[in-house]
Amino acid sequence: MNLPKIPLGKGVEWIENWLTTYFGPIFDIIHAVIGGMVSGIDAALNFLPAIVLTLLIAALAYWIGKWRMALFAVVGLLLIDNLGLWGPSMQSLALVLTASLLAVVIGVPLGVLCAQSRTFQNIATPILDFMQTMPAFVYLLPAVSFFSLGVVPGVIASIIFAIPPTIRLTNLGIRQVSPELVEAADAFGSTAGQKLFKLQLPIALPTIMAGINQTIMLSLSMVVISSMIGAQGVGAYVYRAVSQAKTGAGFEAGIAIVIIAILLDRLTQKLFKSKPQE
């Protein structure tokens with residue numbers, strides 16, 4: 001006996017249509033805000049000549065890292081410019097920075113809520129598991145339905161895909177704060193806000209930064225996938241090279257993504273560490 005198929009897909013489509021009908025103006029506002037953020041960051045990155053921005057990034061890398069990191073920044077960014085991928089790379093970087101910033105702004109408070117409330121954590125955990133195990137391509141479908149084609153649905157899909165590490169590791173970092181320290185803060189009459197901002201968050205900062213680092217890397221991994229729904233940038237070059245079987249062009253675009261990934265990874269890892277003495 002064959003059981004009737006559960007109309008799960010139709011239910012999801014009904015919810016999607018209902019949201020589009022009754023919350024369309026809100027989606028339009030979100031589209032305008034995110035689109036403006038991406039355009040603003042892209043304009044800021046392209047305001048200075050490539051060589052000037054390269055030297056500024058190298059100086060930042062030297063300040064928070066070491067001279068090897070600065071040298072890699074100079075060589076890597078000049079290579080991107082030489083390959084003619086500077087503009088697309090800045091477009092991709094603007095998408096990644098926007099998605100990462102919004103993911104952190106949303107994810108850190110949710111992680112704090114998880115740490116403060118066991119009930120909220122029990123509700124959030126299966127949702128985060130679902131978000132991390134669902135194939136990234138699936139997020140493109142509702143994003144396109146709500147926000148049309150372009151960079152905005154790419155940012156939305158990136159946020160959904162990349163936000164779980166920030167939430168999880170913020171929760172973990174706060175929960176790992178020594179109970180003795182928390183009790184001492186209570187004994188001195190600290191309020192909940194003082195205890196959070198002056199004790200728990202500073203101690204949990206390395207763990208939180210590890211989550212932010214993972215979020216940035218996951219956002220960058222969505223660059224190529226987002227190009228499938230109209231997001232411009234170096235990911236579009238990779239997608240075009242794959243569809244046209246142009247190995248050389250795809251390798252060049254891939255190298256640009258790798259350079260950006262290494263720079264973002266190393267800089268965010270060292271951002272809150274003390275500057276090494278050389």
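Residues numbered from 1 in each chain as written. Predicted model: local features only at pLDDT ≥ 70, side-chain atom pairs only at ≥ 80, totals over all residues. Heavy atoms only, no water.

### Regarding the layout of surface pockets
Left-over empty space is what a probe sized like a water molecule reveals as it rolls over the atoms.
Right, on to step 1. The volume enclosed by the largest pocket comes to roughly 900 Å³.
Right, on to step 2. Considering the residues around the largest pocket, the lining is formed by 30 residues, among which Met 131, Tyr 139, Pro 142, Phe 146 and Ile 160 are closest to the centre.
Right, on to step 3. Secondary-structure elements contributing two or more residues to the lining of the largest pocket are helix 1 (8-22), helix 2 (24-47), helix 5 (86-116), helix 6 (118-133), helix 7 (140-147) and helix 8 (151-162).
Right, on to step 4. The dominant element in the lining of the largest pocket, judged by the number of residues it contributes, is helix 6, at 7 residues.
Right, on to step 5. A class-by-class count of the residues in the lining of the largest pocket yields 28 nonpolar, no polar and 2 charged.
Right, on to step 6. Reported here for the second largest pocket is a volume of approximately 620 Å³.
Right, on to step 7. Lining the second largest pocket are 25 residues; nearest its centre among them are Leu 97, Ile 216, Leu 264, Leu 267 and Thr 268.
Right, on to step 8. If you list the elements that add at least two residues to the lining of the second largest pocket, you get helix 3 (50-64), helix 5, helix 11 (192-226) and helix 13 (247-270).
Right, on to step 9. The element that contributes the greatest number of residues to the lining of the second largest pocket is helix 5, accounting for 7 residues.
Right, on to step 10. A per-class count over the lining of the second largest pocket returns 23 nonpolar, 2 polar and no charged. (1 Å grid on protein atoms, 1.4 Å probe; cavity = no way out; pocket = protein on both sides within 12 Å on 5 of 7 lines; lining within 4 Å. Points joined across faces, edges and corners; volume = space filled by probe spheres on them. Helix = DSSP H or I, 4+ residues; strand = E, 2+ residues; numbered from the N terminus. Nonpolar A, V, L, I, M, F, W, Y, C, P; charged D, E, K, R; others polar.)

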